[in-house]
Every structure is written in structure tokens, then in C-alpha cells.
Amino acid sequence: MVATGRFPLRLFREPRWVRQEPTWPQAAPAVIDAAYRRAGARPDGNWYVVGASREVPTGRAVGRRVDDAEVVLWRAADGRLLAGPGACPHLGAPLADGIVDGDRLVCRWHGLPLGEERVGPWCPLPAHDDGVLTWVRLDRLGGGAPTETPSVPDRPRGAVLEAVATVVGRCQPRDIVTNRLDPWHGAWFHPYSFANLRVLSAPPVDPELPEAEDVFTVEVTFRVAGRVGVPVLATFGCPGPRTVVMRIVEGEGTGSVVETHATPIGSGRDGAPRTAMVEATVAASPRPGFALARAAAPLVRPAMTWAARRLWRDDMAYAERTYTMRAKTDGDRTVGD
Ligand code: FES
Ligand SMILES: [Fe+2]
């Protein structure tokens, strides 16, 4: 039971780092792997997260890469998100350098306007802006049954504060997902952020487990400074093959979510895969201080992004390491899932 009260901060006690209860006996690779495989079997409608909504402003084209394919994004005059392949169908100019004119994107090289209709081999891509993240549907890459819109995880509504951080690593989406499906590493590997972490329940190794039961429940204190922190109860689950959602279910910020999305972007110069980790934090709280934080969102958002990036510096090292170990074992640098 997590204490809630007038003030969210608690003075907590913790053992010395090396005296914590080791978590390795519970962190069974088979449990993590089974959770990853169940997630992989869930349909995603061929949708891929490509970044934050605010990264695509009105009037400017933005380029992204998904599985070595260039994608360009821009907004129609009414703000709708539009997308298409990133190479001009005429002579291949990079459309991310194009100029937005009304609903259209005009190629810089010879002025070919592109929009919501097919032009030769160039075919617009379905795109979706959920208010926090942008998504593109790539049917050839996904290979599953396409859906009209992506299934966006449930997020807190109303007064929320959101921030998005992106970190690219030399690994596959699998490595990002399995890092998040190992909640046991939290207080050991990130002692600057977490203390007194206990995994209260983990899903069994059962390939048929329904999604509603496919969750890890974790008790943890988010360290604010020194031994002052915020104790919460959180769950982790995968609504899709490349997404892990952490949801605070008890304590400060109940209902807040951290969505981690892993999008393959293709190979690096070394031939090894690169994956973009796009993490959206959507925080909610009824506290008066939260209203202030929302009012100061332009100031608070960079701090939220900084905190997420700091964690991901270590988590990406973890993900890159699991990729390297797997590649070594399989004797193949582009090991499959
Ligand atoms: S390359 Fe785009 S119009 Fe020629
Ligand atoms: Fe981590």
C-alpha cells in the first residue's frame, strides 16, 4: 500500500546500494522473453511511432527514417498530419527539404507539388497525430492487417503535462522492449532515480496469457533528492509488439503513463541495426502544484525530457549490450527477433 497524503514527498530509508536485496533470482530471462513474445503476437495495424507531435510544426517538412525507408511528414493547412515517402518521384530529391505550400509539399529541385494523391510511384502514407506522438502506417514493413488508426494507449485526460524524449541506439526494437520488461534492474542500475524497488508480481511464462493479465506490478520510490522521494505503485504492460506502457496505479500521479515505443530506423554505417526509442510521459495530478507545473510547461517539459534521457542513457547501454550479446551468440549482426 502506497501512502498518499497532502504532500507527495516522503523521507525514505534505504539500504546501501550493495546491501539491497539482489533481484537476479526473480529476473528470470524466461519470464522477460515470454512477455516479449506475447507482445510480439499482438496486432499493431502496421503503425510506427516516428516522434513527437510538436516536432512537426505547421509550415515545415520533417524527415524520418523507418527500417531504412525515408519518410517525410508535414501538416496540411488545417493542421492535419500528412506523410509520404521521403524521396521525390521525379529525380529523388529529399522531400524533407521541400517547402510547404497550403496542403502541399513542393519539391525544392524542380517544384513538383505532392499531397494526398498518388504521383507516379509516390504514394502518400497514412499518418496519425494523437496529440502527443506522430505515427506512420507502413504496410509493407508491418505485414499485418492494416487499421485505420493506431491503437494509442489510454492516457490521462484533462489537465496533463506531456514530454517526449527520443534516443537512438545500436540495437533492435526487441532490446528496448525487453529492457522495459525487466523492472528488476530499476534500483540497482538507476539508483539516482529509484529506491526500494520491489516487483510485486510478474506474468507467468504462458504463451496464451491475455493482455489484461499480462502485467508486472512494481512498488518503487522515485528519488527526488537524497532520501526524499515519491513512493508509487506502477504496472508495466505491452499493448503492442514495440510498445511498453508504465502506468502509475497508486500514489502520486495515479493515472500518469510513460509510453516507450521502439521504432526500427535501419542500419548504421557499421551495418548493425539502429532503433529509435521514443518515450512519451503523460503526467496527471490533482494537486495545486501540478496546475503550476502545467502553467510552466515550457520550462518543466525540458526537465522531464532531461530526466527521461538520463535514464535512457543507461537503458540504451543495457539495450545495446543485450543486442551485442545476442549478435555474438547467433554469430550474425542482424539477428532476427
Ligand atoms: S526531384 Fe523533385 S521535382 Fe525534380
Ligand atoms: Fe531502466
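A short tour of the structure in this document, coming up. (Residues numbered from 1 in each chain as written. Chains lettered and ligands numbered in written order. Predicted model: local features only at pLDDT ≥ 70, side-chain atom pairs only at ≥ 80, totals over all residues. Heavy atoms only, no water.)

1. Thoughts on the pattern of salt bridges
Point 1. The full count for this structure, using the stated rule, is 22 salt bridges.
Point 2. The partner of Arg 38 in a salt bridge is Asp 214, with the nearest N and O atoms 2.8 Å apart. Highlighted residues: Arg 38 in helix α1 (residues 29-40) and Asp 214 in the loop between β12 (194-201) and β13 (216-225), separated in sequence by 176 residues. The pair Arg 38 / Asp 214 is uniform in exposure class, with both members buried.
Point 3. The network of salt bridges with shared partners includes Glu 14, Arg 223 and Arg 227. (Salt bridge = Lys/Arg side-chain N within 4 Å of Asp/Glu carboxyl O. Helix = DSSP H or I, 4+ residues; strand = E, 2+ residues; numbered from the N terminus. Buried < 20%, exposed > 50% of the residue type's maximum accessible area, 1.4 Å probe, protein only.)

2. Re the state of the cysteines
Point 1. For the structure on display, the rule yields 0 disulfides.
Point 2. With no disulfide of its own, Cys 171 lies closest to Cys 238 among cysteine sulfurs, the gap being 15 Å.
Point 3. For Cys 171, a relative accessible area of 0% corresponds to the buried category. (Disulfide = S-S within 2.5 Å.)

3. Thoughts on helix α3 (residues 173-180)
Given 3.6 residues per turn, any residue in an α-helix points the same way as the ones three and four places further on.
Point 1. Buried residues dominate α3, accounting for 8 of its 8 residues.
Point 2. All of the buried residues along α3 are Pro 173, Arg 174, Asp 175, Ile 176, Val 177, Thr 178, Asn 179 and Arg 180.

4. Regarding the coordination of the iron ion (ligand 2)
Point 1. Bound to the iron ion (ligand 2) on the protein side are His 185 (NE2), His 190 (NE2), Asp 315 (OD) and Asp 315 (OD), at distances that span 2.1 to 2.4 Å.
Point 2. One can describe the donor arrangement at the iron ion (ligand 2) as irregular, given that its 4 donor atoms subtend angles of 57 to 145° at the metal.
Point 3. The motif formed by the donor residues of the iron ion (ligand 2), counted along the single chain, is H-x4-H-x124-D. Note that His 190 is positioned in the loop between α4 (186-189) and β12 and Asp 315 in helix α6 (residues 297-330), a separation of 125 residues in sequence. (Donors = N, O, S within 2.8 Å, 3.2 Å for Na, K, Ca; no water. Tetrahedral: all angles 85-135°; square planar, octahedral: opposite > 155°, others 65-115°.)

5. Notes on the packing of α1 against α3
Angle between the axes and distance between the axes: these two values describe a pair of packed helices.
Point 1. Contact geometry of α1 with α3 gives a least axis separation of 10 Å together with a crossing angle of 120°. Judged by the angle between their axes, α1 and α3 are oblique. When you trace α1 past α3, the crossing you get is right-handed. Between α1 and α3, the contacting residues are Ile 32, Asp 33, Tyr 36 and Arg 37 on the first element and Arg 174, Val 177 and Thr 178 on the second. (Axes fitted to C-alpha atoms, helices over the stretch in contact; angles between N-to-C directions. Parallel < 35°, antiparallel > 145°, perpendicular 65-115°, else oblique. Left-handed = near helix turned anticlockwise from the far one by under 90°. Contact = heavy atoms within 4.5 Å.)

6. Observations regarding the sheet that holds strand β6 (residues 99-101)
Point 1. Read from one edge of the open sheet, 3 strands run β6-β7-β8, paired in antiparallel fashion. Of all the strands in the sheet, just β6 and β8 (113-114) have a single pairing partner and so form its edges.
Point 2. Note that strand β7 (residues 104-106) and β8 share 2 bridges and pair antiparallel. When the bridges of β8 are listed, Val 106 appears paired with Pro 113. (Pairing = 2+ DSSP bridges.)

7. Here's the deal with the environment of Arg 16
Point 1. Assignment of secondary structure puts Arg 16 in the loop between β1 (10-11) and α1.
Point 2. Given a relative accessible area of 55%, Arg 16 falls into the exposed group.
Point 3. Taking C-alpha positions, Arg 16 is 26 Å from Pro 29, a pair spaced 13 residues apart along the chain.

8. Quick notes on the sheet that holds strand β10 (residues 133-137)
Point 1. Across the sheet, 3 strands lie side by side as β2-β10-β9; this open sheet has antiparallel pairing. Of all strands in the sheet, those bounded by a partner on one side alone are β2 (47-52) and β9 (127-129). Across this sheet, the average inter-strand angle for adjacent strands is 25°, counted without regard to direction.
Point 2. For β9 and β10, the ladder comprises 3 bridges, and the chain directions are antiparallel. Bridge pairing in β10 places His 128 opposite Trp 135.

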